[in-house]
Amino acid sequence: MSLEQLIKKCINQDAKAQSQLYKQYASKLFSLCLKYSKNYAEAEDNLHDAFITVFSKIDQYKNKGSFEGWLKRIAINTSLQRYRENVGVFDIVNEGNIEDVTVDINDEDINIDFLLQIIQELPDRYRLVFNLYVLDGYSHVEISELINISTGTSKSNLARARMILKEKIEDYKASLNSQSL
């Protein structure tokens, strides 16, 4: 069955088509939800809520752009909505105090699982901004609109996330060097 046929059947509330669509995209969307969730259980809840939204609004998809991109946008927005509901208040930050920190992740000694782990360990507000900006390519203006913060706070949270990651990577490299001695 083509994607177009699958979508049409989902619009008509066909349970088998909905199940097929879920099976086809759940793992990709789950990994996306996990990036924006505190833990595995919250990511599962976000995935569930995202699919409820997908099935209730699938008739609004107009075959413009990628269907997978449309699904990803829903999954991200669902996760961010839960975050906004749970957090409420954000720190106001003076933009003048922001340093641009770069993190060298092209080092062959750094394991991808370690990188994913330390990103997941970032405080929520830093992890969200880092993921949106670095991994998903959102601008600070878009991030500020998505999670209701100022662009300065977005920039500050990104800088702080990078600083934390840089410190953890440096500690990791130092531990590798001391083990090899």
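Relevant structure appears above.
The structure presented is a predicted model; accordingly, all values stated were derived computationally and were not measured.

Enquirer: Could you clarify how one ought to interpret the pattern of salt bridges in this entry?
Expert: When the charged atoms of two side chains with opposite charge come close together, those side chains can pair. Counting across every chain of the model gives eight salt bridges. Linking Asp-124 and Lys-38 is a salt bridge whose minimum nitrogen-to-oxygen distance equals 3.9 Å. A residue pair is termed long-range when its members are at least 10 positions apart, and Asp-124 in helix H6 (residues 124–135) and Lys-38 in the loop between helix H2 (15–35) and helix H3 (40–57) qualify at 86 residues. Across the pair Lys-168 and Glu-121 runs a salt bridge whose closest N-O atoms are separated by 3.1 Å. With a gap of 47 residues between them, Lys-168 in helix H8 (residues 151–180) and Glu-121 in the loop between helix H5 (112–120) and H6 connect regions that are remote in the sequence. Overlapping salt bridges bring together Lys-28, Glu-68 and Lys-72 as one network.

Enquirer: What should I look at first to understand the environment of Ser-56 in this one?
Expert: Structurally, Ser-56 can be placed in helix H3. Each C-alpha atom of the pair Ser-56 and Gln-13 lies 9.1 Å from the other, and the pair is 43 residues apart in sequence.

Basis of the calculations
- Residues numbered from 1 in each chain as written.
- Predicted model: local features only at pLDDT ≥ 70, side-chain atom pairs only at ≥ 80, totals over all residues.
- Heavy atoms only, no water.
- Salt bridge = Lys/Arg side-chain N within 4 Å of Asp/Glu carboxyl O.
- Helix = DSSP H or I, 4+ residues; strand = E, 2+ residues; numbered from the N terminus.

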